[in-house]
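# Structural overview
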Amino acid sequence: DAGITQSPRYKITETGRQVTLMCHQTWSHSYMFWYRQDLGHGLRLIYYSAAADITDKGEVPDGYVVSRSKTENFPLTLESATRSQTSVYFCASSEPGQGTEGHFGDGTRLSIL
Amino acid sequence: GQSLEQPSEVTAVEGAIVQINCTYQTSGFYGLSWYQQHDGGAPTFLSYNGLDGLEETGRFSSFLSRSDSYGYLLLQELQMKDSASYFCAATSGAGSYQLTFGKGTKLSVIP
């Protein structure tokens, strides 16, 4: 089935560790986005990508790294995790020109101890 | 930068109508979207306004006024299952598309 999947769904790690959150979409949408959601802040854009090998910073990019070697994958890496990065992370994809409907994955709940 | 303002909470009675407002300040604005998110779930797309005016999708309608940098989501015939958070989101950018969200409005529908 077409869709957008995130893995893992839940992750607990320690400060200073590197952790990678995966995102895979089957629609071949050109745009992909990473958001974090925290109480009181709504959804904040971390990074986005317009196409393979094209990425750009969003509102809160510090401490995160992304790559997009293939259209369908957009992994997010926390190079040295901090407690402030405990959050729910959502990946989304869209194809501008079609009403810019954003399709979201189910989220990754990340806890950093 | 981009910013969108919407009320943090709204309470309405089952069967009634509720309007959730959104004002935005964005550069390179293309359009305004609305998303619904139930507790513990992912945001789901409701509607998009690329032009001024009203878009209707069943019980939900969305409005945009570019001159006022303002939009709203109208929910009619409220049902208990409409209790959720609602986010406005702006598509903007110069040559690319950012999707920036407001902080969300928590709607509680009461009997």
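Refer to the structure above for everything that follows.
Aromatic rings considered in pairs are described by the distance between their centres and by the relative angle of their planes. What the rule picks out here adds up to 16 aromatic pairs over all chains. Seen in terms of ring centroids, Tyr35 of chain A and Phe101 of chain B are 5.2 Å apart; in terms of plane orientation they differ by 85 degrees. Their pairing is edge-to-face. One end of the pair, Tyr35 of chain A, is in strand β4 (residues 31–38); the other, Phe101 of chain B, is in strand β10 (residues 98–101), on a second chain. Both residues of the pair, Tyr35 of chain A and Phe101 of chain B, count as buried. Among the aromatic side chains, those forming a connected cluster through ring pairs are Tyr31, Phe33, Tyr35, Tyr48, Phe90 and Phe104 of chain A together with Tyr35, Phe45, Phe87 and Phe101 of chain B.

Tallying the contact residues gives 20 residues for chain A and 19 residues for chain B. Summed over both partners, the interface of chain A with chain B comes to about 1,700 Å²; 59% of that surface belongs to carbon and sulfur atoms. Here chain A and chain B share zero salt bridges between them. Remark: the boundary between chain A and chain B carries four residue pairs in polar contact (both at pLDDT 80 or more). If you list the elements that add at least two residues to the side of chain A that touches chain B, you get β4 and β5 (42–51) of chain A.

What follows concerns the state of the cysteines. Within the structure shown, the criterion is met by two disulfides over all chains. Across the disulfide from Cys23 of chain A sits Cys91 of chain A; the S-S distance is 1.9 Å. Disulfide Cys23 of chain A-Cys91 of chain A: the torsion about the S-S bond is -75 degrees, which places it as left-handed. Of the two residues, Cys23 of chain A is situated in strand β3 (residues 19–25) and Cys91 of chain A in strand β9 (residues 87–94); the sequence distance between them amounts to 68 residues. This pair shows no difference in class: Cys23 of chain A is buried, exactly as Cys91 of chain A is. Cys22 of chain B shares a disulfide with Cys88 of chain B; S-S distance 2.1 Å. Of note, the bridge from Cys22 of chain B to Cys88 of chain B carries an S-S torsion of about 75 degrees and is right-handed in sense.

About the criteria used
Residues numbered from 1 in each chain as written. Chains lettered and ligands numbered in written order. Predicted model: local features only at pLDDT ≥ 70, side-chain atom pairs only at ≥ 80, totals over all residues. Heavy atoms only, no water. Phe/Tyr/Trp six-rings, centres within 6.5 Å; stacked < 30°, edge-to-face > 60°. Helix = DSSP H or I, 4+ residues; strand = E, 2+ residues; numbered from the N terminus. Buried < 20%, exposed > 50% of the residue type's maximum accessible area, 1.4 Å probe, protein only. Contact = heavy atoms within 4.5 Å. Buried area = accessible area lost by both parts, 1.4 Å probe. Salt bridge = Lys/Arg side-chain N within 4 Å of Asp/Glu carboxyl O. Polar contact = N/O pair within 3.5 Å; in protein donor to acceptor, adjacent residues only side chain to side chain. Disulfide = S-S within 2.5 Å.

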